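# Remarks on the overall topology
In case you want the letters, here they are:
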Amino acid sequence: MEAKRGIEKSTIAAASAAAISVVLGDCDLLGEIFLRLGFPTDLVRAAAVCRRWLRAASDPAFLRRFVDIHPPRLLGFYLTYFSNGQRFCADFVPMLPQPPEAAALVRRGRFGLDSFVSRSTRVMDCRNGRVAINLFRDGDFTYGVHSPLHPGRGLVTFPRPPVMDDKEIYIFREFLSKETDHELSYFWFELRYSSKEEKATACVYKLQGDAWSMQTSATTQIFGLHSSLLNTLSIVLIDDKVYMGITKHNILVLDLTSSTFSTIKYPNRVLEVGGEIMLSRANGSGVYLAHVTTLQLCVWLHRGCDGSMEDWLLLNTIGLRALCANLKISNSTTEDEDDDDTYVFIHAVGDNAEFVFLQMYGCVLHLDVRSSTLQKVYGLTVKNAQVSSVHPFFMTWPPIFPALRE
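Attention in this report is confined to the structure presented alongside it. (Residues numbered from 1 in each chain as written. Predicted model: local features only at pLDDT ≥ 70, side-chain atom pairs only at ≥ 80, totals over all residues. Heavy atoms only, no water.)

## Quick look at the overall build of the protein chain
In terms of helices and strands, the protein chain carries eight helices and 23 strands. Long-range contacts, defined here as pairs at least 24 residues apart, represent 47% of the contacts in the protein chain between residues at least 6 apart. Summed over its atoms, the accessible surface of the protein chain is roughly 21000 Å², and 51% of this surface lies on carbon and sulfur atoms. (Helix = DSSP H or I, 4+ residues; strand = E, 2+ residues; numbered from the N terminus. Contact = heavy atoms within 4.5 Å. Areas by Shrake-Rupley, 256 points an atom, 1.4 Å probe, with all protein chains shown as cover.)

## Focus on helix 5 (residues 60–69)
Burial in helix 5 covers these residues: F62, L63, F66 and V67. Seen along its axis, helix 5 keeps its buried residues to an arc of 130 degrees; they face one direction. Turned more than 90 degrees from where helix 5 packs its buried face, R64, D68 and I69 sit exposed. Residues of helix 5 that are buried make contact with helix 2 (27–34), helix 3 (40–47) and helix 4 (51–58). (Buried < 20%, exposed > 50% of the residue type's maximum accessible area, 1.4 Å probe, protein only. Arc of directions from axis to C-beta.)

## So, the nonpolar core
Among the nonpolar cores identified, the biggest contains 27 residues, and L297, I346 and M360 are the most heavily contacted of them. For this core, the secondary structure elements donating two or more residues are strand 16 (287–293), strand 17 (296–302), helix 8 (320–327), strand 19 (345–349), strand 20 (355–360) and strand 21 (363–368). In this structure M360 touches L295, L320, C324, Y343, V344 and L365, once residues within four positions along its chain are discounted. F187, L191, A200 and L254 belong to the second-largest nonpolar core, a separate cluster that totals 21 residues. (Core = buried A, V, L, I, M, F, W, Y, C linked by side-chain atoms within 4.5 Å.)

## Topic: the pairing of strand 13 (residues 250–255)
Buried residues dominate strand 13, accounting for five of its six residues. As consecutive antiparallel partners, strand 12 (residues 241–244) and strand 13 are separated by five residues. Bridging between strand 13 and strand 14 (residues 260–265) involves six bridges; their strand directions are antiparallel. Looking across to strand 14, one finds that L252 is bridged to T263. A loop of four residues connects strand 13 with strand 14, the two strands running antiparallel in sequence, and S259 in this loop sits at a positive phi of about 55 degrees. (Pairing = 2+ DSSP bridges.)

## Thoughts on the environment of I318
For I318, the position within the fold is in strand 18 (residues 312–319). Overall, the relative accessible area of 4% leaves I318 in the buried class. Spatially, the C-alpha atoms of I318 and L367 are 9.7 Å apart, while their sequence positions differ by 49 residues. Apart from residues lying up to four places away in sequence, I318 is in contact with L295, Q296, L297, L323, L367, V369 and S372.

## Some details on the packing of aromatic side chains
On inspection of all chains with the given rule, the structure shows 21 aromatic pairs. Here F158 and W212 contribute two aromatic rings whose centre-to-centre distance is 6.0 Å and whose plane-to-plane angle is 75 degrees, an arrangement assigned as edge-to-face. In this pair, F158 is assigned in strand 6 (residues 156–158) and W212 in strand 10 (residues 211–221), connecting sequence segments 54 residues apart. The buried category is assigned to F158, whose relative accessible area is 10%. Judged by its relative accessible area of 14%, W212 falls in the buried class. Seen in terms of ring centroids, F355 and F394 are 5.8 Å apart; in terms of plane orientation they differ by 45 degrees. Their pairing is tilted. Here F355, found in strand 20, pairs with F394, found in strand 23 (residues 387–394); they are 39 residues apart in sequence, far enough to count as distant. By way of ring pairs, the aromatic residues F34, W53, F62, F66 and W397 are connected into one cluster. (Phe/Tyr/Trp six-rings, centres within 6.5 Å; stacked < 30°, edge-to-face > 60°.)

## Re the pairing of strand 4 (residues 130–137)
Within strand 4, six of the eight residues are buried, leaving the element largely enclosed by the surrounding structure. Between strand 3 (residues 120–127) and strand 4, which pair antiparallel in sequence order, lie two residues; one of them, N128, sits at a positive phi of approximately 50 degrees. Strand direction decides the pairing type here: strand 4 and strand 5 (residues 140–146), joined by seven bridges, are antiparallel. Note that in strand 5 the partner of L135 across the bridge is T142.

## Here we look at unusual backbone geometry
Each neighbour pair has its own omega, and for L96 with P97 the value is -5 degrees, a cis peptide bond. Relative to the helices and strands, P97 resides in the loop between strand 2 (87–94) and helix 6 (100–108). The peptide bond linking W397 to P398 adopts the cis configuration, its omega dihedral lying at 0 degrees. For P398, the position within the fold is in the segment after strand 23. One non-glycine residue, T294, adopts positive backbone phi at about 45 degrees. Along the chain, the position of T294 falls in the loop between strand 16 and strand 17. For S372, which is not glycine, the phi torsion reads 55 degrees and is therefore positive. In this fold, S372 is placed in the loop between strand 21 and strand 22 (373–379). Residue classification places S372 among the partly exposed residues on the basis of a relative accessible area of 30%.

Remember, this is a structural readout, not a statement about activity or role.
And the structure:
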């Protein structure tokens with residue numbers, strides 16, 4: 001009897017193993033299972049099981065489906081501020097709360113920049129797990145890229161960007177990045193503006209190997225420079241075009257391929273009420289515009305080709321007063337005081353305008369535009385009240401899979 005039961009158990013176990021083998025051996029079914037995993041790190045662990053799983057997890061078509069369902073998670077942000085009016089400092093601020101997998105990534109990484117001993121530290125760009133920083137040490141500037149999730153790589157330095165000094169003109173400078181097939185390219189943008197002639201000349205350089213090479217240079221006439229942007233240039237690189245929100249009436253667009261300028265008129269509301277603006281990338285063609293005034297945030301999308309204001313589409317309008325009141329932030333809870341004049345700074349806008357980092361009431365706030373959810377993520381002090389920039393840091397994508405040995 002016991003022998004018969006043993007045979008039955010062995011038969012059931014063999015049948016179960018065969019059924020599991022059929023499922024896990026089917027790449028289509030395996031992909032559907034992998035889609036239920038929540039993090040890229042889970043994919044990497046699954047890929048380490050065997051070659052079949054590695055091929056299934058690293059298949060480009062599958063990865064496109066996975067990232068659509070599980071977009072890279074925001075782990076935190078770098079806050080660059082002017083400390084005591086003397087030097088730039090940069091701190092990493094983790095987003096809380098985080099799932100255990102994301103929290104473990106932050107703990108294992110090396111996000112702090114204090115190990116790069118310098119008198120001044122400024123974050124210039126942050127994209128796909130790589131942080132471009134500017135250090136002032138030993139009497140000179142050092143530029144490099146830091147990978148917090150891969151600290152063993154160290155600081156990969158690159159040459160100092162071209163710099164032009166002229167006391168008679170105002171010069172905007174911005175460090176830009178562009179991602180193509182998950183590969184990053186770095187650009188140095190310089191805009192020289194002469195108030196006497198009301199002319200602007202843009203020069204764009206690309207980092208190629210160990211040297212900066214000129215990509216394009218063009219000059220145009222511009223009128224009505226946006227006064228609030230004299231210290232912060234609202235600029236974004238999308239495909240082969242640089243969009244600049246620097247004038248009062250238009251977005252200035254530089255085509256890197258043709259070396260020509262064009263303009264996009266702001267929406268009527270932006271022209272009528274003024275306020276803070278910032279641009280962001282849009283998937284495909286087009287550009288997003290975040291506009292805030294009188295405690296109200298508007299998100300616009302421009303996909304037209306002729307630059308007219310009729311091509312703007314208002315996607316979202318979010319009242320900040322009630323959201324701040326829910327968080328019990330400053331005088332937004334007192335009905336007696338008129339806080340319409342409260343100044344709101346926009347420090348960062350995510351791709352596709354999915355989120356916005358704001359500064360108001362002595363705090364840095366994260367606004368999820370999709371859900372209209374506001375979160376206080378940092379309290380400012382006298383030491384770091386002069387915020388220069390905010391650079392969001394996401395999990396890298398795509399994940400780095402184990403190398404397949406033939």
